[in-house]
Amino acid sequence: MRRLLGVVISTLVAVLALAGFAAPASAASGDEIRNFTIGYTVSADGVLHVQERIDYRFGSTGRHGIFRDLVVREPYRDDDSKDQVYDVSNIKVSSPSGASSEFTTKKFRTNKDRNENLQIRIGSANETVPGNDATYVITYDVRGALRHFADHSELFWDATGSSWDAVIDQVTVNVNVPQGVTKVECFAGPAGSTQACPQKSVSGDQGVFSASDLARGQQLTIVAGITAGAVQNDTPILVDPPNWLQRNGLTWLSLAGSAAVTLLAIAVAAIYAKTGNKDLRFAGMPPGTFPPAGVDAPTVKNDLSENQIPVAFAPPKIPVAEGGLLIDAKATTTETAATLIDMAVRGGVRIENTGDEQKAVLLNPAVATAPHEQALMSGLFPSLQPGAEVLLERGAVGDHTMRKAHDGMIAALRDQVKQRGWYLRMPRAGGGSPFKSGFGCACMAMIGIWVVGAGLFGTAVGAATGGLGRAVVVAVPVVAVIVAIGIWIGIRGRGQRNPAGRAVTDQLIGFRKYLATAEADQLRFEEGEDIFSKYLPWAIVFNLADRWQKVCEQLVAAGRLTPDPYWYYGPSYYTSGWTAGAVGATVAHSFDPPPAPASSGGGGGSSSGFGGGSSGGGGGGGGGGSW
């Protein structure tokens, strides 16, 4: 059962984080290319003129168009100290079927910038393709595609590429070269396959190739022989791999200038991180304690580290979401998930898992007593009628109910904490500071100053003009001041606790230590008490749910703890626990942008495709899909 709890809570956090903010869809799993017709014409000056006609069938409606990825740089197979470049230009797109032929291009780099793909993204974000079928015609020129040998020249080319998010039902390639194609070879299948394609021939002066039923990860690679001397510029374009400075847009001079500014900024940031924006605490009082009633205790700046705060065996008597905001100055979907689970533990809702879907069912709205709890319950269950339910599934609620409920809860939570009087200055809204320490904020500022300072200094030195050089003399100190101000704003953005807020935070840190270090045989609880459920919301908000799960599994195995939480309904098994890491990974993955297209080239080179060739062994390649 506890493994399935992880699925439910992972889903919950992801839904809260993402409802209404879905990333653009990626290619549908049912996509297919019904016909892929490619025409290659090699001109006498060695330029490869390409025309691709793609009859695309989308796996679902509502798609905007397709994207075509072309490999434009890859390591040179015959000499790893060089990279081979394919210069793609003159891109044009049309659609005989009437689909939008708007297109944009973008480059993606991997492998320390040695592999580079050019993506042609076709279609309009403001309209979708009517129906499921569309035809696109893409034309472009490629320089550097040919290979030179003593007795012939050669086009050894990965025609389709292997990184399509679609199956290819039929592909046909026609090659025309000066003085006619002399001989042909081809390979079909996954990279490295030496299986010949079903059809290859020289028809008149034209090379003709075809293959069918290419699954994802498979491709067609063609080889066409050209008479020696028939074309010029038939050697690969080779360049040195980008070095570290080039990959980061720097020069040695810009690096030196950036380093000088960075050192200054580090010094300022370190001083402020150490001495600025300190919480206050009660002087002479142990961590987590308050002076006796009526005693006006003096205050001092907080200089204690977390190691000096003792373990606490129970959390402070405050709502779990308030604790989450207080301990790290952030209020995110984690606090919302912990609150919903807390409502379940207290009998307000039941979490149900049927295997196909997860939902929260309202049992008793009166359990929600704090304003933020009431805001969450009324946001999820507007009628507040027992039996009302909401799906915990991304996209299941068209009006963004989950996200609105989360926003309402966080707004109420911040008001509550403000009324508690725990802060001299509240944390910045929207999650507070993105860093848990002043020095962490300073480190991000260092990155900013490095980029800005290096860019300005490098531009000035490269231009080598007196006026611009003088401008940089002024600009660098200005940038340093701006960054110092940014550090100040960032550190202050996490708020400043007063002595009472600091005391409660110490209690929270002490209890977090307890959940982080206690072993199963050290836990003390009354017989029949479900300590797993009791502290689960706190484990979630402390990002310790994975460890708490493992500890409680030992209690289940020893017969000291029931395996079936009363607030959860679903399949019952608990041999493996769910983890907080799974929760974080779900949210992080959902926020990630679509992955950069994978390079499918087999690595450039000058070896002949007529001897030892294979699928993916030529130049070019790539893939595509729909969006």
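Quick notes on the rules
Residues numbered from 1 in each chain as written. Predicted model: local features only at pLDDT ≥ 70, side-chain atom pairs only at ≥ 80, totals over all residues. Heavy atoms only, no water. Helix = DSSP H or I, 4+ residues; strand = E, 2+ residues; numbered from the N terminus. Buried < 20%, exposed > 50% of the residue type's maximum accessible area, 1.4 Å probe, protein only. Contact = heavy atoms within 4.5 Å. Areas by Shrake-Rupley, 256 points an atom, 1.4 Å probe, with all protein chains shown as cover. Pairing = 2+ DSSP bridges. Axes fitted to C-alpha atoms, helices over the stretch in contact; angles between N-to-C directions. Polar contact = N/O pair within 3.5 Å; in protein donor to acceptor, adjacent residues only side chain to side chain. Core = buried A, V, L, I, M, F, W, Y, C linked by side-chain atoms within 4.5 Å. Phe/Tyr/Trp six-rings, centres within 6.5 Å; stacked < 30°, edge-to-face > 60°. Lys NZ or Arg CZ within 6 Å of the ring centre and 35° of its normal. Patch = residues over 30% accessible without salt bridge, like charges linked within 9 Å, V, L, I, M, F, W, Y side chains within 5 Å. Salt bridge = Lys/Arg side-chain N within 4 Å of Asp/Glu carboxyl O. Disulfide = S-S within 2.5 Å.

(A) Examining the overall build of the chain more closely. Counting its secondary structure elements, the chain contains 13 helices and 27 strands. Scored against the burial criterion, the 627 residues of the chain give a buried share of 50%. Counted over contacts in the chain with a minimum sequence separation of 6, partners at least 24 positions apart contribute 77%. Looking at the chain as shown, the accessible area adds up to about 27500 Å², and 55% of this sits on carbon and sulfur atoms.

(B) Examining the sheet that holds strand E22 (residues 389-391) more closely. Across the sheet, which stays open at both edges, the 4 strands sit in the order E22-E21-E20-E25 with mixed pairing between neighbours. The two strands at the open ends of the sheet, each matched to only one other strand, are E22 and strand E25 (568-569).

(C) Focus on the sheet that holds strand E15 (residues 206-214). The 7 strands are arranged E5-E8-E2-E1-E12-E15-E14 in an open sheet whose pairing can be described as mixed. The sheet is open, and its two edges are formed by strand E5 (87-94) and strand E14 (199-203), each paired on a single side. Each strand of the sheet is rotated relative to its neighbour by a mean of 15 degrees, with strand direction disregarded. Sheet analysis places strand E1 (residues 32-42) next to strand E2 (residues 48-57), joined by 10 bridges and oriented antiparallel. Within E2, the residue paired with Ile33 across the bridge is Tyr56.

(D) Summary view of the side chain of Arg73. Tracing the backbone shows Arg73 in strand E3 (residues 66-75). A residue is classified by how much of its surface remains accessible, and Arg73, at 15% relative accessible area, is buried. A distance of 3.1 Å separates a polar atom in the side chain of Arg73 from the backbone oxygen of Asp240. Setting aside chain neighbours within four positions, we find Arg73 in contact with Asp83, Gln84, Val85, Tyr86, Asp113, Arg114, Asn115, Glu116, Val239, Asp240, Pro241 and Pro242.

(E) Region of the structure containing the nonpolar core. Met377, Leu380, Phe381, Leu515, Trp538, Phe542 and Trp548 are the most contacted members of the largest nonpolar core, which has 67 residues in total. The element that contributes the greatest number of residues to this core is helix H11 (residues 531-541), accounting for 8 residues. Beyond its immediate sequence surroundings of up to four residues, Met377 is in contact with Leu340, Met343, Val349, Leu362, Ala368 and Leu384. Among the nonpolar cores identified, the runner-up in size contains 54 residues, and Tyr40, Val173, Leu214 and Ala230 belong to it.

(F) The arrangement of the packing of aromatic side chains in detail. Evaluation of the coordinates by the stated rule reveals 12 aromatic pairs. Summarising the aromatic geometry, the rings of Phe511 and Tyr535 are spaced 5.0 Å apart at their centres and angled 70 degrees between planes, so their arrangement reads as edge-to-face. Placement of Phe511 in helix H10 (residues 499-517) and of Tyr535 in helix H11 is noted, with a sequence separation of 24 residues between them. Grouping residues by exposure puts Phe511 and Tyr535 together as buried. In this structure, Arg121 packs its charged tip against the face of Trp627, placed 3.8 Å from the ring centre.

(G) Layout of a nonpolar patch on the surface. A cluster of nonpolar side chains, Ile485, Trp488 and Ile489, forms an exposed patch at the surface whose accessible area comes to about 290 Å². Positionally, Ile485 belongs in helix H9 (residues 466-492). Ile485 sits in the partly exposed class, given a relative accessible area of 44%.

(H) Expanded view of the pairing of strand E7 (residues 115-122). For E7, the tally of buried residues reaches 7 of 8 residues, placing the bulk of the element in the interior. Alignment of E3 against E7, held across 6 bridges, turns out to be antiparallel. Paired with Leu70 across the strands is Leu118, a residue of E7. Pairing geometry for strand E6 (residues 103-110) and E7, over 8 bridges, is antiparallel. Bridge assignment links Lys106 to a residue of E7, and that residue is Gln119. Between E6 and E7, which pair antiparallel one after the other, the connecting turn spans 4 residues, and Asn111 there sits at a positive phi close to 55 degrees.

(I) Spotlight on the state of the cysteines. Tallied over the full model, the rule gives 1 disulfide. The side chain of Cys186 participates in a disulfide bridge whose partner is Cys197; the two sulfur atoms lie 1.5 Å from each other. Since a negative S-S torsion denotes a left-handed disulfide, the Cys186-Cys197 link at about -75 degrees is left-handed. With Cys186 in strand E13 (residues 181-190) and Cys197 in the loop between E13 and E14, this residue pair connects regions lying 11 residues apart in the sequence.

(J) Broad picture of the pattern of salt bridges. In this structure the tally under the stated criterion is 23 salt bridges. In this structure, the salt-bridge partner of Asp80 is Arg114, at a minimum N-O distance of 3.6 Å. With Asp80 in the loop between E3 and strand E4 (83-85) and Arg114 in the loop between E6 and E7, this pair connects stretches of sequence that are 34 residues apart. The class for Asp80 is exposed, based on a relative accessible area of 54%. Here Arg114 falls in the buried class, since its relative accessible area comes to 13%. Residues Glu322 and Arg420 are paired through a salt bridge, measuring 2.9 Å at the closest nitrogen-oxygen approach.

(K) Quick look at helix H4 (residues 320-328). Of all 9 residues that make up H4, 9 are buried, and the element is covered over most of its length. Those residues of H4 not exposed but buried are Val320, Ala321, Glu322, Gly323, Gly324, Leu325, Leu326, Ile327 and Asp328. Note on H4: the residue one or two positions beyond its end, Ala329, has a positive phi of about 65 degrees.

(L) Highlighting unusual backbone geometry. Positive phi, normally seen in glycine, also occurs at Asn111, with a value near 55 degrees. Relative to the assigned elements, Asn111 resides in the loop between E6 and E7. Accessibility expressed as a relative area gives 44% for Asn111, which makes it partly exposed. Located in the positive-phi region is Asn233, a residue other than glycine, with phi close to 50 degrees. By secondary structure assignment, the location of Asn233 is in the loop between strand E16 (218-227) and strand E17 (237-239). The class of Asn233 is exposed, set by a relative accessible area of 54%.

(M) Here's a closer look at the environment of Val72. One can find Val72 in strand E3. The exposure class of Val72 is buried, given its relative accessible area of 6%. Spatially, the C-alpha atoms of Val72 and Lys107 are 9.0 Å apart, while their sequence positions differ by 35 residues. In this structure, Val72 is in contact with Gln84, Val85, Tyr86, Val88, Glu116, Asn117 and Leu118, ignoring residues within four places of it in sequence.

(N) Structural context of the environment of Glu306. Tracing the chain through its elements places Glu306 in the loop between strand E19 (299-301) and H4. On the accessibility criterion, Glu306 (42% relative accessible area) is partly exposed. Along the sequence, Glu306 and Asp506 sit 200 residues apart, while their C-alpha atoms lie 8.2 Å from each other. Every residue in contact with Glu306, bar those within four places of it in the chain, is listed here: Ile509, Arg512 and Lys513.

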